[in-house]
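Here's the letter readout for the chains.
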Amino acid sequence: MTMAEGSQLPLLPGFIPQSQRFCCLRPGSARKLLLALRVASLAATRAVAFGSARANVVNLVSFGERMSSAQKNRVSFVGRPVWAEVSLSALEFNLRSIRAYVNPPGEKRKAPRKILSIVKGNGYGHGGPQVAKALEKAGSEWFGVTCTAEGIEVRKAGVRRPVLVLTGFWPGEEKRLLDNDLTAAITRCEQLALLERAASRRRAKRASVPFHLKIDSGMNRLGIAPADVDCFARQLAKSPHLRLDGVFTHFASSEVFEPAPHG
Ligand SMILES: Cc1ncc(COP(=O)(O)O)c(C=O)c1O
C-alpha cells in the first residue's frame, strides 16, 4: 500500500464506487481519475497525445486497495479529504489500448512505435513513481516528468527505463540529470553548452550523453523556435559529448482529436 500526499483543493468525489474504478479510452468520470498517457513516437517528430487527466487534486492515492481504518486515521482534514483508488489493471488495459492504437496491425513498420508515459506532477496527482513502476512492468518504454526532482523520485521507485525531463533544466542542474540517468530536454539553445560541459566532466565518458530537442510548434510555452535553429545547430556541432536522440513538441491543442481544417 502506498500513500501519496496531494494538493489541498479536492475536486474528486470522496469515494469512487467499485463500478467506476476501471476505465479505458472512453469519456466518463472514471477516465479522469487515471493517469494521462501521452504517447510519442520517439524515433520521429510525430507525437500522439491522449486525453489529459487533469484531476490532479487528491489527498490520498491508493493502488488497488480500499481504505483501511489505519489509513482513515492518517487523513489530513485541512481542506476536504479525498480518497482515490487507482486501478493497476485499468492502467495496464489503457497501455495496451494505446499500444494497439499507435501500432495498427495493418501498418508496415520496421520497429513498432514506443510509448512514453507522462507521470509528471506526481502522475497528475495519482502517484507518479508508483504508476511509473506499474507501467514499466506492463511494458511502457519511456517516462516523462517535469523536473529532475520528479525524475529522481521515479528512479528511487526502481524504474530503470529512460526518463525524459520534459521542461528542460536550470543552469547548475546538469550534473543531477547525468548522475540520475535522466534524459534532458533541450528547450533553449544555451542549454547545450551547459550540458556539453557536464558531459565532458563525467568520469565514465565511453558513450555520448543522449538528449531530446523540444520544439515550440505553437503552444508558446517552451521549446526552440524556428529562429533558434541556427544557434542550436552551431552549438550542437561543438558538442562532441552529446547525442541528439529524439525530437518532440507539445501540441498547441493537445486535447483536440479531430483533424484540423485545411485553409
Ligand atoms: C510533449 C509533451 N506531452 C505532454 C506533456 C505533459 O504536459 P501537460 O499535462 O501540460 O500537457 C508535456 C510537458 O511538458 C510535453 O512536453
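Residues numbered from 1 in each chain as written. Predicted model: local features only at pLDDT ≥ 70, side-chain atom pairs only at ≥ 80, totals over all residues.

Draft legend 1. Broad picture of helix H3 (residues 88-102). The first and last C-alpha atoms of H3 sit 21 Å apart over 15 residues, in line with the 21 Å expected at 1.5 Å per residue. Looking only at H3, the buried set comprises Leu91, Asn94, Leu95 and Ile98. For H3, the angular spread of buried residues about the axis comes to 100°, placing them on one side. Turned more than 90 degrees from where H3 packs its buried face, Ser89 and Ala100 sit exposed. (Helix = DSSP H or I, 4+ residues; strand = E, 2+ residues; numbered from the N terminus. Expected span 1.5 Å × (residues − 1). Buried ≥ 20, exposed ≤ 12 C-beta atoms within 10 Å, placed from the backbone. Arc of directions from axis to C-beta.)

Draft legend 2. Representation of the sheet that holds strand E10 (residues 242-249) in the model. The 6 strands are arranged E5-E6-E7-E8-E9-E10 in an open sheet whose pairing can be described as parallel. Looking at the sheet topology across the chains shown, the edges are occupied by strand E5 (116-118) and E10. Between one strand axis and the next, the sheet turns through 30° on average, direction left out of account. Strands strand E6 (142-145), strand E7 (163-165) and strand E8 (182-186) of the sheet are contacted by helix H6 (residues 148-156), whose axis makes an angle of about 165° with E7. Contacts between helix H8 (residues 191-200) and the sheet are confined to E8, strand E9 (209-215) and E10, with E10 contributing the most and set at about 140° to the helix. (Pairing = 2+ DSSP bridges. Axes fitted to C-alpha atoms, helices over the stretch in contact; angles between N-to-C directions. Contact = placed C-beta atoms within 7 Å.)

Draft legend 3. The arrangement of the environment of glycine 246 in detail. Structurally, glycine 246 is set in strand E10. For the pair glycine 246 and histidine 212, spaced 34 residues apart in the sequence, the C-alpha separation amounts to 4.6 Å.

Draft legend 4. Geometry of the nonpolar core. Counting 36 residues, the largest nonpolar core has Phe143, Val165, Ala184 and Leu195 as its most contacted members. Of all the secondary structure elements, the ones that give two or more residues to this core are H3, E5, helix H5 (128-138), E6, E7, E8, H8 and E9. Those residues within four positions of alanine 184 in sequence are excluded, and the remaining contacts are Val165, Phe169, Leu177, Leu195 and Phe211. (Core = buried A, V, L, I, M, F, W, Y, C linked by C-beta atoms within 7 Å.)

Draft legend 5. Molecular detail of the pairing of E6. Because side chains alternate across E6, one face comprises the buried residues Trp142 and Gly144, and the other comprises Phe143 and Val145, equally buried. The pairing of E5 with E6 spans 3 bridges and is classified as parallel. Opposite isoleucine 118, over in E6, you have glycine 144 as the bridge partner. Where E6 meets E7, 3 bridges bridge the pair, whose relative direction is parallel. For valine 145, the partnering residue across the bridge sits in E7 and is valine 165. A crossover links E6 with its parallel partner E7, the connecting element being H6, and its sense is right-handed. (Right-handed = clockwise from strand over helix to strand, strands pointing away.)

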